Structure formats: structure tokens, C-alpha cells
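Here is what each chain is made of, one letter per residue.
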There are 2 protein chains.
Amino acid sequence: MRYKIDFSYDGSLFFGYQKQPNKRTIQGEIERVLSSINDSPVTISSSGRTDRGVNALHQIAHFDFNKDISCFKLKGALNSYLPDDIYINEVSKVDDDFHARYSAKRKTYSYFINMGTYNPMKRCQAFQYCKKLDVNLMKEASKHMLGKHDFTTFACGEDRRSDKVREIYKIDFNLSKDVLTISFTGSGFLKYQVRNMVGLLIKVGEKKESPENVGKLIEQKDRKKIGITAPACGLTLINVEY
Amino acid sequence: MRYKIDFSYDGSLFFGYQKQPNKRTIQGEIERVLSSINDSPVTISSSGRTDRGVNALHQIAHFDFNKDISCFKLKGALNSYLPDDIYINEVSKVDDDFHARYSAKRKTYSYFINMGTYNPMKRCQAFQYCKKLDVNLMKEASKHMLGKHDFTTFACGEDRRSDKVREIYKIDFNLSKDVLTISFTGSGFLKYQVRNMVGLLIKVGEKKESPENVGKLIEQKDRKKIGITAPACGLTLINVEY
């Protein structure tokens with residue numbers, strides 16, 4: 001019996017998503033509870049790992065279970081035993097060919113930048129940048145990131161996968177008080193891709209890089225030219241579409 | 001030289017505001033850093049303690065310092081040495097008769113209630129109530145809390161101070177998506193008063209208490225009749241006026 005779960009988490013007190021021995025991880029916590037309900041080990045496959053400190057509103061994973069339990073009961077049991085920084089929004093039964101990662105069609109990530117006064121209450125949910133950025137320049141720059149590209153420029157150095165072509169369908173900007181939200185919807189993202197794109201957009205917003213140059217930087221595929229990797233705390237996985 | 005500081009904190013990882021031996025407290029952290037800058041012990045007096053788990057956007061305190069340091073430098077030094085869940089918004093020099101607690105004229109607290117899906121990312125900034133409340137009934141009930149009253153009904157049992165008369169000037173309701181914010185402005189508040197008032201308003205919003213009865217409950221001065229003390233995580237000290 002294959003189940004799909006939709007869950008949210010506050011990444012700030014975990015050593016990342018992926019299970020590691022003797023570390024508190026999101027995957028580790030969920031598998032621990034599922035294995036105990038199932039009376040035998042359960043492994044979950046998510047739509048993708050999130051880095052340490054990254055949050056999720058609707059992460060998706062699937063797993064196979066010996067027992068046929070109602071979705072309602074399973075959700076209740078999971079939320080009773082999971083720590084309060086993970087929450088299962090929904091449990092559903094899916095076909096055996098559903099795969100949280102390979103069946104995913106689109107993903108949306110939002111990056112939150114506080115341009116106002118440092119806010120300790122939001123320090124794990126938004127990058128406390130605390131200076132003004134030129135949002136119009138950033139919007140202009142972001143247009144060069146849209147569409148199908150080899151995103152090597154924004155990949156993590158360790159990423160050894162050969163195919164770095166991804167497609168970005170949409171980049172939305174939203175300014176509410178001093179908090180700028182940049183939302184990226186794409187076919188999928190490389191490790192650190194969103195945080196590196198945001199790093200470059202910040203450089204543009206600081207007027208240290210011109211919006212026109214972004215297209216060239218993507219073509220050059222040189223990670224060293226783009227600036228900082230924006231901190232993990234600002235990033236939230238918003239949803240995954242199938 | 002007397003200084004006033006305006007500071008914010010995320011209360012979730014502290015054992016409350018007030019200094020306690022071998023516990024991580026907000027007062028303790030600030031005094032530790034100030035004492036080290038001053039080369040001798042410094043005690044701070046705040047506008048009032050906040051309970052464990054309560055947050056603050058603009059808490060105020062004063063202290064006396066041997067050294068005459070510029071406010072700009074002192075703010076910088078404090079923010080460099082303080083942990084990232086406390087932030088000093090402003091440092092100013094004040095007259096020797098300024099007292100953060102006794103000179104305070106009005107205080108505003110906001111209480112945040114999430115009536116939507118449990119959100120692990122907001123669990124330390126809003127009460128995750130996760131059910132709908134009848135906000136109109138709550139507004140009606142809150143009118144009985146306005147003005148000058150003996151607030152014994154909402155006091156903490158341990159509170160031995162004889163004078164429990166306080167004045168509430170304003171109670172505002174704001175609904176944004178599923179998050180209800182109730183803001184209380186008053187001359188001052190007893191220990192647990194806001195959380196107990198919110199507990200009663202929730203009972204009204206659940207239709208387990210009538211709005212009309214709230215006036216009577218205040219008159220009866222019986223803590224046991226009003227229901228729960230709303231959890232600390234939903235409460236934020238917004239500001240103190242002098």
C-alpha cells in the first residue's frame with residue numbers, strides 16, 4: 001500500500017532534511033514514527049531534500065506500508081507522535097507507480113528578505129538583510145532567469161550530476177511592508193540553485209551587478225562570478241505539483 | 001549616566017525574561033554583555049517582565065553605566081555580543097529620574113491566534129488554535145473589558161499585589177487570512193492578564209460563554225470561572241509608551 005504525505009516543517013532546529021546517524025533530521029523523525037506504527041522499518045522518498053535551515057509549507061513524500069490504515073487515522077497518529085516543528089497536512093493513498101520525486105512536474109520555492117529592522121522573531125523564516133534593495137532592478141534581472149537554461153552558474157560546487165538544464169516558468173515579486181518575497185516556479189531546481197539566484201538578485205538590488213549582465217552570467221557557467229549564496233533560513237519550499 | 005534601551009526578542013528559547021541562576025534568560029543575556037562592556041556589574045530594569053515564551057517587539061529597559069559611551073557605539077557593541085534572538089533597536093541617554101517601569105504610561109500587547117492549518121514555522125509566534133472562532137462575538141465580549149476595572153478575574157493566582165485595578169484604553173481586532181490578532185492597549189497589565197482575557201475571549205468565540213456575561217465575570221473576581229490561560233507563544237509585547 002503506497003501512501004503520499006503532504007507536510008510542513010520549521011527547518012531551524014534540524015540538521016537538514018536527509019537522515020543522518022545520530023542527528024535530528026526531518027526524514028529521520030518521520031521514518032522513526034512511521035516505522036513504529038508499521039512495526040517494521042519504513043523509508044520515505046521525498047520530492048527532494050531541502051538544505052539545513054530551509055523550511056517547507058507543502059513538502060511531499062511517499063512510502064510503502066504493510067498495514068492498510070485509513071488516511072485519517074494515519075494523519076492523526078503521525079501528528080500525535082511527531083515533534084511540533086513537523087506537521088502532516090494530508091495523507092492520501094496513491095498508485096504504486098507514484099513517485100514523490102520522479103512524478104513531480106513543478107515546484108515553487110519562496111525566498112523571504114527582510115529589508116527593515118532586524119527581527120529576532122523572524123530570523124528563522126526570513127533573511128535578515130536589513131537594508132533597502134532596488135526591487136525594480138531585481139525584477140528586471142530575474143527575467144533573464146526565466147525559461148530553459150543550463151543553470152551550472154547557480155549550482156552547488158559539489159553537484160556532480162551532468163544534466164544541469166532546468167526550466168523556470170515564473171518568478172514573482174511581492175513586497176509587504178519591509179519584507180520582499182521572491183517566488184520561483186520551475187520544473188525542478190539544482191542544489192543551492194534558488195539561494196544562488198537570490199544571491200545574484202541581491203547583488204543586482206545593491207547595484208553591484210547590472211540586470212543586463214545576468215543573461216551573460218548564466219551563459220558563462222561560472223559559479224565564482226555571481227556572489228553569495230543567500231542564507232538557508234530565508235528559503236521555504238511552498239509546494240510541489242504533480 | 002542613565003541609558004534607555006528599546007529591544008526585541010524571540011522568547012521561545014529563553015527561560016523567560018527575568019534573570020535566574022544557570023538559566024538562559026533575556027535579562028541575564030543583556031546584563032552579561034552590558035557588565036562586560038562596563039567592566040563592572042550592570043543591572044537592567046525593564047518596563048515589566050514577560051512570561052516564558054512571550055515575545056517582544058519593543059521592550060524597554062534602563063540601566064546606569066559608569067562609562068559615557070555614545071549611543072551608536074553601545075548599540076553596535078550590544079548587537080555584536082548578544083545572541084541572535086535578542087536585538088537592540090535603539091539606545092538613548094535619559095535623565096536620572098527616568099524609570100522604565102514607573103515612568104511607563106501605556107503598554108500594548110498583541111495576541112496572535114492561527115485559526116487555520118497548524119503552521120510549524122509560526123508555532124512560537126502564534127497560538128496554533130486551528131479552528132474557527134466567532135470573531136464578532138469576541139469583539140462584542142471585549143467591549144466589557146474596556147475601561148477601568150479591578151481585573152482580579154484575570155490575575156494569576158500567585159499575584160499578591162493588592163491593587164488589581166488597571167485601565168484598558170483600546171482592544172483592536174485584525175483578521176489577516178486565518179490569523180486573528182487581538183491588540184490590547186492599557187495603563188499596565190497584571191501577570192497573565194492578557195493571556196487570561198484571551199482565554200475568555202476564545203471561550204466566547206467557541207460559543208461556550210456569552211459576550212454579555214463577560215461584565216459579570218469581571219465583577220465576580222473569580223479566576224476559576226473564566227477558562228484557559230492562552231499559551232504564552234501567542235503573546236507579543238508590541239510597545240511601551242512614556
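Calculation rules
- Residues numbered from 1 in each chain as written.
- Chains lettered and ligands numbered in written order.
- Predicted model: local features only at pLDDT ≥ 70, side-chain atom pairs only at ≥ 80, totals over all residues.
- Heavy atoms only, no water.
- Contact = heavy atoms within 4.5 Å.
- Buried area = accessible area lost by both parts, 1.4 Å probe.
- Salt bridge = Lys/Arg side-chain N within 4 Å of Asp/Glu carboxyl O.
- Helix = DSSP H or I, 4+ residues; strand = E, 2+ residues; numbered from the N terminus.
- Nonpolar A, V, L, I, M, F, W, Y, C, P; charged D, E, K, R; others polar.
- Buried < 20%, exposed > 50% of the residue type's maximum accessible area, 1.4 Å probe, protein only.
- Least-squares fit on C-alpha atoms with pLDDT ≥ 70 in both.
- Patch = residues over 30% accessible without salt bridge, like charges linked within 9 Å, V, L, I, M, F, W, Y side chains within 5 Å.
- Areas by Shrake-Rupley, 256 points an atom, 1.4 Å probe, with all protein chains shown as cover.
- Lys, Arg positive; Asp, Glu negative; His and termini not counted.
- Charge placed at Lys NZ, Arg CZ, Asp CG, Glu CD.
- Phe/Tyr/Trp six-rings, centres within 6.5 Å; stacked < 30°, edge-to-face > 60°.
- Lys NZ or Arg CZ within 6 Å of the ring centre and 35° of its normal.
- pLDDT = per-residue confidence, 0-100.
- Arc of directions from axis to C-beta.
- Polar contact = N/O pair within 3.5 Å; in protein donor to acceptor, adjacent residues only side chain to side chain.
- Core = buried A, V, L, I, M, F, W, Y, C linked by side-chain atoms within 4.5 Å.
- Pairing = 2+ DSSP bridges.

A. View of the interface of chain A and chain B. Between chain A and chain B, the residue contacts involve 20 residues of the former and 20 residues of the latter. Of the roughly 1,600 Å² buried at the junction of chain A and chain B (both faces included), carbon and sulfur atoms supply 65%. When the area that chain A buries against chain B is broken down by residue, the three leading residues are Tyr118(A), Met121(A) and Arg123(A), summing to 38%. The residue Asp84(B) makes a salt bridge to Arg123(A) at a minimum N-O spacing of 3.3 Å. Contributions of two or more residues to the side of chain A that touches chain B are made by strand E1 (2-9), strand E3 (55-64) and strand E4 (86-94) of chain A. Of the residues contributing to the side of chain A that touches chain B, the split by class is nine nonpolar, seven polar and four charged.

B. Highlighting the environment of Glu167(B). Residues and elements named next belong to chain B. Assignment of secondary structure puts glutamate 167 in strand E8 (residues 165-176). Classification of glutamate 167 by relative accessible area gives partly exposed; the value is 26%. The spatial distance from the C-alpha of glutamate 167 to the C-alpha of threonine 229 is 20 Å, given a sequence separation of 62 residues.

C. Here's a closer look at the relation of the copies chain A and chain B. Screw-axis analysis of chain A against chain B gives a translation of 0.0 Å along the axis, an RMSD of 0.0 Å, and a rotation angle of 180°. Interpreted geometrically, this transformation is the action of a two-fold axis. Rotation axis and chain A: the residue whose C-alpha lies nearest the axis is Lys122(A), separated from it by 4.6 Å.

D. Structural detail: a positive patch on the surface. Among the surface-exposed residues, Lys122(A), Lys177(A), Lys122(B) and Lys177(B) lie close enough to one another that they form a single positively charged patch. Using a relative accessible area of 38% as the deciding quantity, one classes Lys122(A) as partly exposed.

E. View of the pattern of salt bridges. Per the stated rule, a full pass over the model turns up 36 salt bridges over all chains. Close ionic contact of Arg2(A) with Asp64(A) constitutes a salt bridge, the shortest N to O distance being 2.9 Å. Taken as a pair, Arg2(A) in strand E1 and Asp64(A) in strand E3 lie far apart in primary sequence, 62 residues in all. Judged by its relative accessible area of 14%, Arg2(A) is buried. In this structure, Asp10(A) engages Arg123(B) in a salt bridge whose closest nitrogen and oxygen atoms are separated by 2.7 Å. Taken as a pair, Asp10(A) in the loop between E1 and helix H1 (26-38) and Arg123(B) in the loop between strand E5 (106-114) and strand E6 (127-128) lie in two separate chains rather than in one. Asp10(A) gets classed as buried once you look at its relative accessible area, which sits at 5%.

F. Local environment of the packing of aromatic side chains. The final tally for this structure, using the stated rule, is 20 aromatic pairs over all chains. Centroid distance Tyr3(B) to Phe63(B): 5.6 Å. Interplanar angle 15°. Geometry classified as stacked. With Tyr3(B) in strand E1 (residues 2-9) and Phe63(B) in strand E3 (residues 55-64), this pair connects stretches of sequence that are 60 residues apart. Neither residue differs from the other here; Tyr3(B) and Phe63(B) are each classed as buried. Centre to centre, the rings of Phe151(B) and Phe154(B) are 6.3 Å apart; their planes meet at 40°, and the pair counts as tilted. The class for Phe151(B) is buried, based on a relative accessible area of 0%. Residue classification places Phe154(B) among the buried positions, given a relative accessible area of 0%. One aromatic cluster is present, built from ring pairs that chain together Tyr3(A), Phe63(A) and Phe65(A). The ring of Phe15(A) carries the charged tip of Lys23(A) above its face, separated from the ring centre by 4.6 Å.

G. Examining the confidence of the model for chain A more closely. Summing up the model confidence of chain A, the mean pLDDT is 96 and the portion of residues at 70 or higher is 100%. Reported confidence for the predicted complex is 0.89 by ipTM and 0.93 by pTM.

H. Representation of helix H3 (residues 135-142) of chain B in the model. Residues and elements named next belong to chain B. Residues of H3 that are buried: Val135, Met138, Ala141 and Ser142. Each buried residue of H3 lies within a common arc of 120° when the element is viewed along its axis, so the set occupies one face. For H3, the capping residue at the N-terminal end is aspartate 134, with a side-chain oxygen 3.2 Å from the backbone nitrogen of asparagine 136.

I. Structural view of unusual backbone geometry. The backbone phi angle of Cys130(A) is positive, close to 65°, even though this residue is not glycine. Of the residues examined, Cys130(A) reaches a relative accessible area of 28% and is grouped as partly exposed. Even without a glycine there, the phi angle at Tyr192(B) is positive, about 70°. Locating Tyr192(B) in the fold gives a position in the loop between strand E9 (179-186) and helix H4 (193-205).

J. The arrangement of the nonpolar core in detail. One finds Phe7(A), Leu74(A), Leu78(A) and Ile113(A) to be the most contacted residues of the largest nonpolar core, which totals 68 residues. Ranked by residues supplied to this core, first place goes to helix H4 (residues 193-205) of chain A with seven residues. When sequence neighbours within four positions are dropped, the list of residues in contact with Leu78(A) reads Ile5(A), Val33(A), Leu34(A), Ile37(A), Ile88(A) and Val91(A). Judged by nonpolar contacts, the second largest core, of 67 residues, contains Tyr17(B), Phe127(B), Ala232(B) and Leu235(B).

K. Highlighting the pairing of E1(A). All names here are of chain A. For E1, a buried count of seven out of eight residues is recorded, marking the element as mostly surrounded by other parts of the structure. Pairing of E1 with E4 involves eight bridges; the strand directions are antiparallel. Residue pairing across strands places arginine 2 opposite valine 94, the latter belonging to E4. Bridge analysis of E1 against E3 gives seven bridges, and the strand direction is antiparallel. Of the residues in E3, the one forming a bridge with tyrosine 9 is alanine 56.

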